[in-house]
Amino acid sequence: MRHAPIDSKLFIENRERLKKLLLPKSLAIVNANDVLPTNADGSLPLHPNSDLFHLTGIEQEESILLLAPDAHEPKHREILFLREPNEHLKIWEGHKHSKDEATKISGIKQVKWLAEFPVLFRQIMCELEHVYLNSNEHKRAVVEVETRDARFARECQAKFPLHTYHRLARLLHQIRVVKSDTEIALLQQAVDITEQGFRRLLKFVKPGVMEYEVEAELIHEFVRNRAKFAYNPIIASGANACVLHYNQNNQPCRKGDLLLLDVAASYANYNADLTRTIPVSGRFTRRQKAVYNAVLRVMRASIKGATVGKLARDWLKESQAMMNEELLALGLLKKSDIKQQTEDEPACRKYFMHGLGHPLGLDVHDVGFTTEPFAPGWVLTVEPGIYLPKEGFGVRLENDIVVTPNGPVDLMAGTPVEVGEIEDLMAR
Ligand code: GLY
Ligand code: MN
Ligand code: MN
């Protein structure tokens, strides 16, 4: 791990929250992610499993968490299994966690080597009735590769077909969607590093720079702050901004164009998610400014609208109604377009065709129940946009907020967003 140590209290509390949701006589298992192969003998860098990290702070490959709060033997109630370090691993891969280290990170007292897992697992299974197995239940996920959790679920059910099985993901989503103060502080750190990166870009961008040079500036700023990209950065000049998931980042930034930057840092596995749109030459044209300010008004009003109890569906509808008005004023929609819109196809979808926001946390499109009302501790992105391929530009703005009983708190309040502010900073 590259980030500063996190107080193990966070992970201890997360496990306690989960244990409260388990049925009596249960056990739950969470596996690390696989190290994924590329070609030949290559592999991708390990992407830590968010659930395992949430419950233990452990990022090391092959680790397994076993929770069995009602096990007869107190030592069986919470066990972390790890790869056993050896000389060969030390030479080729370097340091692996010792048991003491893992206890320090996670607060779990019982740390065992993986070789002990099969026997202990059988022993604990034979004593208990309900088994919670983990799975990826993100509704937009298209997963063709079997994960370690999925493999474990298949093998476990084959070996112990008569237990009662449950979906752990539902419970984990319930606890992960509500962020604790410690988690919000970590998210704020990711946001602050992202802001530093954005400010660096305001000094760097000028006509002629390549989109990938902009990417290089950012990665420098993120890595030197112990962070990395939270997702593939979208650095889209001119009409590229109208490709929602553009990440070729291989075009020149041209004089007079806008540059859409959907770029953010991940610190300690907590992700920021920022979008800003800036003028390559340092000054917006009148038309660009008018569109930009329309998006900014919708973002600001939508931030205000993210209150406890609101349904995501209604929140989106409110933003679409505001967007319709803005598009009307910009001459992009006619009154008749709005009159003819349907429930499923609001008029603004022609120019604002994506969602308004999503939960944010250990995953960029974080887990959480989008059908339930917003609750205190939810962290959401707010990201309206207007895309005008015929005019050769698109504008999106995106801030990250926390829903609280006293109204939304904008974690990105310090990141420049006003036209004047951006032009001033770029002029320096
Ligand atoms: N950067 C991904 C998103 O905005 O959802
Ligand atoms: Mn987003
Ligand atoms: Mn984004």
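Keep in mind that this is a model prediction, so the values were computed, not measured.

Thresholds, definitions, all that
Residues numbered from 1 in each chain as written. Chains lettered and ligands numbered in written order. Predicted model: local features only at pLDDT ≥ 70, side-chain atom pairs only at ≥ 80, totals over all residues. Heavy atoms only, no water. Near = heavy atom within 4 Å. Polar contact = N/O pair within 3.5 Å; in protein donor to acceptor, adjacent residues only side chain to side chain. Areas by Shrake-Rupley, 256 points an atom, 1.4 Å probe, with all protein chains shown as cover. 1 Å grid on protein atoms, 1.4 Å probe; cavity = no way out; pocket = protein on both sides within 12 Å on 5 of 7 lines; lining within 4 Å. Sits in = over half its atoms within 2 Å of the grid points. Points joined across faces, edges and corners; volume = space filled by probe spheres on them. Nonpolar A, V, L, I, M, F, W, Y, C, P; charged D, E, K, R; others polar. Donors = N, O, S within 2.8 Å, 3.2 Å for Na, K, Ca; no water. Tetrahedral: all angles 85-135°; square planar, octahedral: opposite > 155°, others 65-115°. Helix = DSSP H or I, 4+ residues; strand = E, 2+ residues; numbered from the N terminus. Buried < 20%, exposed > 50% of the residue type's maximum accessible area, 1.4 Å probe, protein only. Phe/Tyr/Trp six-rings, centres within 6.5 Å; stacked < 30°, edge-to-face > 60°. Salt bridge = Lys/Arg side-chain N within 4 Å of Asp/Glu carboxyl O. Arc of directions from axis to C-beta. Pairing = 2+ DSSP bridges.

(A) Here's a closer look at the site of ligand 1. Looking at ligand 1, the residues that line it are Tyr231, Asp262, Asp273, His358, His365, Glu383 and Glu398. In this structure, histidine 358 approaches ligand 1 through a side-chain N or O atom, which is 3.0 Å from an oxygen atom. Glutamate 398 is positioned such that a nitrogen or oxygen atom in its side chain is 3.2 Å from an oxygen atom of ligand 1. Look at ligand 1: alone it shows 200 Å² of surface, and the protein chains cover 84% of it. Here ligand 1 occupies the second largest pocket.

(B) Main features of empty space enclosed by the protein. Scanning the entire structure with this criterion turns up one cavity of 30 Å³ or more. Lining the largest cavity are Ala32, Asn33, Leu46, Pro48, Asn49, Leu52, Ile58, Glu59 and Gln60. Looking at the lining of the largest cavity residue by residue, the classes come out as five nonpolar, three polar and one charged.

(C) Up close: the coordination of the manganese ion (ligand 2). Every protein donor of the manganese ion (ligand 2) is accounted for by Asp273 (OD), His358 (NE2), Glu383 (OE) and Glu398 (OE), and the metal-donor separations fall at 2.0 to 2.2 Å. Angles of 51 to 156° at the metal separate the six donor atoms of the manganese ion (ligand 2), which places the site in the irregular class. Mapped onto the sequence, the donors of the manganese ion (ligand 2) take the spacing D-x84-H-x24-E-x14-E. In this structure, the manganese ion (ligand 2) is positioned 3.4 Å from the manganese ion (ligand 3), and both are ligated by aspartate 273. Taken together, the residues aspartate 273 in the loop between strand E11 (270-271) and strand E12 (275-279) and histidine 358 in the loop between helix H12 (335-339) and strand E13 (379-382) connect sequence positions 85 residues apart. For histidine 358, a relative accessible area of 10% corresponds to the buried category.

(D) How the structure looks around the packing of aromatic side chains. Per the stated rule, a full pass over the model turns up 11 aromatic pairs. Here phenylalanine 222 and phenylalanine 229 contribute two aromatic rings whose centre-to-centre distance is 5.5 Å and whose plane-to-plane angle is 80°, an arrangement assigned as edge-to-face. Arranged with centres 5.3 Å apart and planes meeting at 80°, the rings of tryptophan 315 and phenylalanine 374 form a pair that is edge-to-face. Taken together, the residues tryptophan 315 in helix H11 (residues 312-329) and phenylalanine 374 in the loop between H12 and E13 connect sequence positions 59 residues apart. You can call tryptophan 315 buried: its relative accessible area is 4%. Here phenylalanine 374 falls in the buried class, since its relative accessible area comes to 4%. Here the aromatic residues Phe81, Phe117, Phe121, Phe152 and Phe160 are joined through ring pairs into a cluster of three or more.

(E) Just the pattern of salt bridges, in detail. By the definition in use, this model includes 28 salt bridges. Here glutamate 146 and arginine 154 are joined by a salt bridge, their closest N and O atoms 2.8 Å apart. Given a relative accessible area of 33%, glutamate 146 falls into the partly exposed group. One salt bridge in this structure joins arginine 199 and glutamate 195, with 2.9 Å as the shortest N-O distance. With arginine 199 and glutamate 195 both in helix H8 (residues 181-204) and four residues apart, this pair spans about one turn of that helix.

(F) Here's a closer look at helix H5 (residues 117-127). Of all the positions in H5, only Phe117, Leu120, Phe121, Ile124 and Met125 are classed as buried. For H5, the arc enclosing every buried residue in end-on projection is 135°, short of the 170-degree limit, so these residues lie on one face. For H5, the exposed residues lying more than 90 degrees away from the buried face are Pro118, Val119 and Cys126.

(G) View of the sheet that holds strand E16 (residues 399-402). Across the sheet, which stays open at both edges, the three strands sit in the order E13-E16-E17 with antiparallel pairing between neighbours. Because the sheet does not close on itself, it has two edges, and the strands there are E13 and strand E17 (409-410). Pairing between E13 and E16: four bridges, direction antiparallel. Following the sheet pairing, leucine 380 is matched in E16 by isoleucine 401.

(H) Expanded view of the coordination of the manganese ion (ligand 3). All of the protein donors around the manganese ion (ligand 3) are Asp262 (OD), Asp262 (OD), Asp273 (OD) and Glu398 (OE); their distances to the metal are 2.0 to 2.6 Å. Each of the six donor atoms bound to the manganese ion (ligand 3) contributes to angles spanning 53 to 168°, and the resulting shape is irregular. In terms of primary sequence, the donors binding the manganese ion (ligand 3) are separated according to D-x10-D-x124-E.

(I) Highlighting the layout of surface pockets. Empty space within the largest pocket amounts to approximately 1500 Å³. Together, 44 residues line the largest pocket, and Asn33, His47, Ser50, Asn136 and Asp363 are the ones closest to its centre. Of all the secondary structure elements, the ones that give two or more residues to the lining of the largest pocket are helix H2 (50-56), helix H6 (148-159), helix H7 (168-176) and strand E7 (228-229). Partitioned by chemical class, the residues of the lining of the largest pocket number 20 nonpolar, 14 polar and 10 charged. Lining the second largest pocket are 40 residues, and of these His138, Arg140, Gly357, His358 and His365 lie nearest its centre. At four residues, H11 tops the list of elements feeding residues into the lining of the second largest pocket. Residue classes in the lining of the second largest pocket are distributed as 15 nonpolar, 13 polar and 12 charged.

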